[in-house]
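The lines below spell out each chain.
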Amino acid sequence: SHNLYAALRAAFPTDLNAVAVETDEGLHYTWLDLERSTAMVANLLKSLDLPNGSRVAVQVEKSVEAMILYLATLRAGYVFLPLNTAYQSAEIEYFIGNAEPAVVVCSSANFGWVSKIAFKAGTHHVFTLNDDRTGSLLDRASHHTDQHTPEPCKADDLAAILYTSGTTGRSKGAMLTHGNMLSNALTLKDYWGWKKNDVLIHALPIFHVHGLFVAIHGALINGSKMIWMAKFDPKRAIANMAKATVFMGVPTLYVRMLAEPSLTRDAVKNMRLFIAGSAPLLIETFAEWQTRTGQTILERYGMSETAMLTSNPYSADARYGKQSERRGGTVGFPLPGVSLRVRGDDGQDLPVGEIGGIQVRGPNVFKGYWRMPEKTAEEFTADGFFRTGDVGKVDERGYVTIVGRSKDLIISGGYNVYPAEIEGYINEMKGVSESAVVGVTHPDFGEVGVAVVIAKPGATLQPEAIVAELKSKLANFKIPKKCFVVSELPRNTMGKVQKNLLREQYKSLFA
Ligand code: ATP
Ligand code: MG
């Protein structure tokens, strides 16, 4: 059978009484606890007599029990559908209406309005699960046995539907299979050199590919303990490093830890690996981390539709030569088994170093978008490559660099302007912390760039001076026609800059 839970279970250590998860609140879950509790929840789900392929939609605060519910859903052969805890009624109505789950799990506090939405969408079972181990899901599960045989699955049976982060528009449900996720977990175990005694600090939300798949599968498939942080806190994360070896974070987590004086070489001396992804890691953060800790962040790239696609090497990657190392500002090499190519607007392969659309193929690439057959067909090429929607290039040594998203590309007077290029120059200027360049409509040029810039604490920036400095360095068609200095950029929960909101805000500037 290809049941993903069965594969993770097979990797548990022989001593099932060892600690598998240790929480902030001082709770210790053994491997046996995970095995028994997932069996009980799986038996509860089985007792509901759900049709094959039923979705289990879950919007709850992060807890070990929420992870147990995920594993139990896999184990029972149903389809896990996690929802961002920030979503409110309009969003939940859309997702539940769209996914038509057979089971909905929410917090007791939200039960009133969530259950109303669920029943309207035809859901028969609504359970509650809170982050203090209370709620009807666990009450009901406690009446079931702790013996359960994982449901036999085919590799291409659905395991999860992951809604994308909605950075470029409305979220789409990416349908991932047991086979997609197992292949990716095994590849990363090998590529990142997971070791027997590794301990992972789990500090990410678990409704997203990074925290749910990369982190949880990574630890479990290696039989490694997790230090479980319900909420990220930079001071506590740094304190946890004394007893951990691996950390995974979105770039904002690294920025927040760098602001802590307790982040020193000594604090990280037990750590083996720092991994970043989900959004671009500024080269400045990469360099500062190196100076402060003596360790080099490993940046990787992936998405809901494909799990992980590329990664900087843990140690030299034999495919790319003895000199291959982790390079800031790049997302490394295509993972073993992943084919990656860069294509131009007319579908032609581009030469080394040229910027175009990134396309990928591999055992990790999803089955398609849930209930969007046209969209799915549009995003796959005739030879089976998925159009990621990301724009980038591959250099002569094989390193992939993400330059931005095709939706963020600015076409000004007929010329392509890549926001990331302009942002790179602005970020290097004195007193600049970060920036975002977006395109807005313009009567003469079709579109022009607008730069939105954040100053470093204590620095004062003149928008005109920023534009003037760009003019001295770059072709005129690339120069933003307007620059604003603001106090922060709009970001979603994964730390991604929401350029759609900026475009909306500045859309009438020249209209
Ligand atoms: P939507 O598809 O709804 O617009 P989204 O693409 O942000 O949202 P996710 O699937 O969560 O949703 O994120 C995947 C995207 O995140 C990638 O396509 C890429 O643009 C970005 N990303 C991930 N890792 C990196 C990285 N290391 N550097 C730059 N961008 C990254
Ligand atoms: Mg996307």
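Up top you'll find the structure we're talking about.
All figures in this text were calculated on a predicted structure; none of them were measured in a lab.

Points about the overall build of the chain
Across its full length, the chain holds 15 helices and 25 strands. Since a compact globule built from 511 residues should have a radius of gyration of about 24 Å, the 23 Å found for the chain is in line with a globular shape. Dimensions of the chain along its principal axes, counting C-alpha atoms only, are 70 × 55 × 45 Å. Taking all 511 residues of the chain together, 56% fall into the buried category. Counting only contacts in the chain whose residues sit at least 6 apart along the sequence, the fraction spanning at least 24 positions is 66%. Taken as a whole, the chain presents about 21,400 Å² of accessible surface, with 52% of it coming from carbon and sulfur.

A look at the packing of aromatic side chains
The geometry of two aromatic rings is summed up by the distance between their centres and the angle between their planes. All chains considered together, the criterion is met by 20 aromatic pairs. For the ring pair Tyr87 and Phe95, a centre distance of 4.8 Å and an interplane angle of 25° mean the geometry is stacked. For Phe95, a relative accessible area of 4% translates into the label buried. Aromatic pair Phe366 and Phe380: ring centres 5.8 Å apart, planes at 25°, arrangement stacked. Of this pair, Phe366 sits in the loop between β17 (356-361) and β18 (368-369) while Phe380 sits in the loop between α12 (373-379) and β19 (386-394), and the two are 14 residues apart along the sequence. The same class applies to Phe366 as to Phe380, namely buried. Clustering of aromatic rings is evident, with ring pairs tying together Tyr87, Tyr94, Phe95 and Tyr163. Over the aromatic face of Trp228 sits the side chain of Lys62, whose NZ or CZ is 4.8 Å from the ring centroid. The ring of Phe445 carries Lys481 above its face, with NZ or CZ at 5.2 Å from the centroid.

Observations concerning empty space enclosed by the protein
Under the definition given, this model contains two cavities of 30 Å³ or more. Considering only enclosed or pocket space, the largest cavity measures out at about 80 Å³ in volume. If you list the elements that add at least two residues to the lining of the largest cavity, you get α7 (178-191) and α8 (209-221). Within the lining of the largest cavity, the residues separate by chemical class into six nonpolar, three polar and no charged. As for the second largest cavity, its lining consists of Ala57, Val58, Gln59, Leu83, Ile92, Ile96, Val104, Val105, Cys106 and Val114. Only β3 (55-59), α4 (89-99) and β5 (103-106) provide two or more residues apiece to the lining of the second largest cavity.

Each value, and the rule that gives it
- Residues numbered from 1 in each chain as written.
- Chains lettered and ligands numbered in written order.
- Predicted model: local features only at pLDDT ≥ 70, side-chain atom pairs only at ≥ 80, totals over all residues.
- Heavy atoms only, no water.
- Helix = DSSP H or I, 4+ residues; strand = E, 2+ residues; numbered from the N terminus.
- Rg over C-alpha atoms; globule rule 2.2 N^0.38 Å.
- Buried < 20%, exposed > 50% of the residue type's maximum accessible area, 1.4 Å probe, protein only.
- Contact = heavy atoms within 4.5 Å.
- Areas by Shrake-Rupley, 256 points an atom, 1.4 Å probe, with all protein chains shown as cover.
- Phe/Tyr/Trp six-rings, centres within 6.5 Å; stacked < 30°, edge-to-face > 60°.
- Lys NZ or Arg CZ within 6 Å of the ring centre and 35° of its normal.
- 1 Å grid on protein atoms, 1.4 Å probe; cavity = no way out; pocket = protein on both sides within 12 Å on 5 of 7 lines; lining within 4 Å.
- Points joined across faces, edges and corners; volume = space filled by probe spheres on them.
- Nonpolar A, V, L, I, M, F, W, Y, C, P; charged D, E, K, R; others polar.

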